[in-house]
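Architecture at a glance
Each chain, written out:
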Amino acid sequence: MPMRQEDLETFVAVAESGTIAAAAEHLFITQSTASERIRSLEADIGHKLVERRRGVRKVALTPAGERLVPIASAILSLYDEAARVDMRPRRQRLIVAAADSLNGHLLIPFYRAFIADHPDILLELRTSMSPVINREVEERVADVGLAFSLERYPDLAARELFRDRWVILCHRDSAFARSGRAADLAGEHEINTHYSPDYQTWHRHYFARFAHPKITVGTASQLGAFMDAPESWCIAPQSIARPLTERHPELVMRHPTEEPPARVARILVHTSLGDDKGRLVSMFESELRAYIATLDL
């Protein structure tokens, strides 16, 4: 018969405390139960382990008992380790690095649906500039990248997700909202954002008459904070402008007569993914494309 865990626990408690009574109190059992467990262990071992002496409270360990103490302690440590093992399946982790305009605006509903549909997947979102996203995927810091620029890395695979049209965002009562003419825009009221170098070149050409904007913000998510004045306006990708018009009904979108160079969103992955990670990334991409297909981009 195999040794029972409770018998070993009682034996070690007796060896450490020196008395049956103290061991029983420590284990929250009666003295008779403690004595029965010691007798049960002795029967399993086939040797006497504890010497009980008449008129003496403390017990003495036999030579067999002395040899068993370190063995019993080691066995109990293994029981403790086994009890701490989490036998539940580990959640798969998926790290997505994306541009601010995607993580902060366009993809929030998709992320919410994804984690609701896949509770076994731990989704970790990182927001970075596109060049950094490229590097993070190349170096396997991120599993998936969603970026608007593409760097040349040997182990990077890029696939187009969508092309984001440009719009001019303004107040519905502004002169430009009524006419659509660039001449009705004032440079000193522009909320400017630095996008790609191609965009900057286009902006300098198309708005050459402007001396300086009202303010230049670092990220697209800051645009809405400065569109409170009726004369304020900005140029933004449609994916950013549309959520702003939904939250602020006084804002409207107008397409410029000459649009900046195409803004292409790409999904970036490493060319060497393990089978499990590869299947996870493939599923994520498939569901992401299905979501984007529902948008009017």
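Quick look at the structure, then. (Residues numbered from 1 in each chain as written. Predicted model: local features only at pLDDT ≥ 70, side-chain atom pairs only at ≥ 80, totals over all residues. Heavy atoms only, no water.)

1. Things to note about the pattern of salt bridges
It is possible for side chains bearing opposite charge to pair when their charged atoms get close. The condition is simple: Salt bridge, as used here: a side-chain nitrogen of Lys or Arg that lies within 4 Å of a carboxyl oxygen of Asp or Glu. Runs of H or I in DSSP of at least four residues are treated as helices and runs of E of at least two as strands, each being numbered from the N terminus. The buried label applies to any residue whose accessible area, calculated with a 1.4 Å probe on protein chains only, is under 20% of its type's maximum; exposed applies above 50%, and partly exposed to all values in between.
For the structure shown, the criterion picks out 13 salt bridges. Taking the shortest distance from any N to any O, the salt bridge between Arg93 and Glu124 comes out at 2.5 Å. A residue pair is termed long-range when its members are at least 10 positions apart, and Arg93 in strand S3 (residues 92-98) and Glu124 in strand S4 (residues 121-127) qualify at 31 residues. The shortest N-O distance in the salt bridge between Glu285 and Arg289 comes to 3.0 Å. Residue Glu285 and its partner Arg289 are both found in helix H11 (residues 275-293); the two are separated by 4 residues, about one turn of the helix. We classify Glu285 as buried; its relative accessible area is 11%. With a relative accessible area of 30%, Arg289 lands in the partly exposed category. Beyond isolated ion pairs, a larger network of salt bridges with shared partners links Arg4, Glu6 and Asp7.

2. Things to note about the sheet that holds strand S7 (residues 166-171)
Rule in force here: Strands pair, by our definition, only if DSSP identifies at least two bridges between them. All axes are obtained by fitting lines to C-alpha atoms, using only the stretch in contact for helices, and the reported angles, taken between N-to-C directions, cover 0 to 180 degrees. Should any heavy atoms of two residues lie within 4.5 Å, those residues are considered in contact.
Here we have 3 strands laid out as an open sheet, ordered S10-S7-S11, and antiparallel in their pairing. Of all strands in the sheet, those bounded by a partner on one side alone are strand S10 (233-237) and strand S11 (251-254). Ignoring which end each strand starts from, the neighbouring axes of this sheet average 30° apart. By the bridge criterion, 4 bridges tie S7 to S11 in an arrangement that is antiparallel. Paired with Leu169 across the strands is Met253, a residue of S11. Contacting S7, S10 and S11, helix H10 (residues 238-247) crosses the sheet at an angle of about 150° to S11.

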